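Now for the letters of each chain:
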Amino acid sequence: MKLIIAANWKMHKTAAEAASFCNQLTLQEKKFTGVEVLVCPPFTALAATAAALEGSAVKLGAQNMSWEVKGAYTGEIAPQMLKEFGVGHVILGHSERRHIFGEDDAAIRKKLERALHDELVPILCIGETEEQRNRGETGAVLERQLRAALEGLEPENIKELIVAYEPVWAIGTGQAASPDDAADAASLARAVVEKILGSETGATLRVQYGGSVNADNIGGFVSLSPVNGALVGGASLQADSFAALIMAAREAAGC
Ligand code: PGA
């Protein structure tokens, strides 16, 4: 299964900074063969990023979007506004959206349905908090989040689905999950998706790990077959180190 390494820049980079990053990254992209690479800038940098990526195989994603198509929703961004710039992927239910901005499972479900309907590939983020992990609830939490987002959907409407397993306690802390724990969570996610949506969707599903991934530890994750890539925050902000991370992933996964 092709690895997908995604940069989640969060609230970093002006349009000019994003363009300069992409100009540097694409100089090295010949070395990324076999890996799908995605950058997810802030909305205001989408146009500049899209222009800088023209002619490149590096893809463009968004960090969030509205479940509505248009209307009186101050501050929201509709799917077609993203697609206008060539956005093909959208991160949904990131833990910062869930925990800082109060997005609940019901909101994430509506966004996911909208993304599928509008042919954007959802990167559905799931993950347990430290307290839930300490109480031994990781599996139950991941299953609940997946069921809330996916149960009842028609498998034939899902052309592509990516799940990002991102333990909340590992995001931005420098304390990544162990590769074995990430692989266990990824296997569980795949099993739940298969149960809900059938084996065909399960077979094409890609599961990323996210949470303090860097060039030094990425190899441990992607060398285990349940993990099909990474969602990278802090270590995706510098073009050279992000390129090094992609190459380390490629080498470890043997692609
Ligand atoms: P991090 O963020 O790599 O900085 O931990 C990952 C994410 O939030 O997607």
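Everything discussed here concerns the structure shown above.
Reading guide: rules and limits
Residues numbered from 1 in each chain as written. Predicted model: local features only at pLDDT ≥ 70, side-chain atom pairs only at ≥ 80, totals over all residues. Heavy atoms only, no water. Salt bridge = Lys/Arg side-chain N within 4 Å of Asp/Glu carboxyl O. Helix = DSSP H or I, 4+ residues; strand = E, 2+ residues; numbered from the N terminus. Phe/Tyr/Trp six-rings, centres within 6.5 Å; stacked < 30°, edge-to-face > 60°. Buried < 20%, exposed > 50% of the residue type's maximum accessible area, 1.4 Å probe, protein only. Lys NZ or Arg CZ within 6 Å of the ring centre and 35° of its normal. Expected span 1.5 Å × (residues − 1). Contact = heavy atoms within 4.5 Å.

K.L.:
For this particular structure, what's the right way to read the pattern of salt bridges?
P.N.:
Oppositely charged side chains can form a pair if their charged atoms are brought close together. Applying the stated criterion across every chain, the model contains 17 salt bridges. A salt bridge links Glu143 to Arg147; its shortest N-O distance comes to 3.0 Å. Of the two residues, Glu143 and Arg147 both sit in helix H7 (residues 138–150), four residues apart, roughly one turn of that helix. Connected through salt bridges with shared partners, the residues Glu36, Lys59, Glu160 and Arg206 form a single ionic network.

K.L.:
What's the story with the packing of aromatic side chains in this structure? I'm lost.
P.N.:
To describe a pair of aromatic rings, you give the distance between the ring centres and the angle between the ring planes. Considering all chains together, one arrives at four aromatic pairs under this definition. Judged by centre distance (6.2 Å) and plane angle (55 degrees), the ring pair of Tyr165 and Tyr209 falls under tilted. Linking Tyr165 in strand S6 (residues 162–165) with Tyr209 in strand S7 (residues 206–210), this pair joins segments that are 44 residues apart in sequence. Of the two residues examined, Tyr165 and Tyr209, each falls in the buried class. An angle of 15 degrees between the planes, with centres 4.3 Å apart, marks the rings of Tyr209 and Phe221 as stacked. Placement of Tyr209 in strand S7 and of Phe221 in helix H10 (residues 218–222) is noted, with a sequence separation of twelve residues between them. Positioned over the ring face of Trp9 is Lys13, at 5.3 Å from the centre of the ring.

K.L.:
Would you explain helix H11 (residues 239–253) in this entry?
P.N.:
Residues three or four positions apart in an α-helix share a direction because the helix packs 3.6 residues into each turn. For H11, built from 15 residues, the straight-helix expectation of 21 Å at 1.5 Å per residue is met to within 8% by its first-to-last C-alpha distance of 21 Å. Those residues of H11 that are buried are in contact with strand S1 (3–8), helix H1 (15–27), strand S2 (35–40), H10 and strand S8 (229–232). A positive phi of about 70 degrees marks Gly254, the residue just after H11.

Keep in mind these values describe shape, not function.
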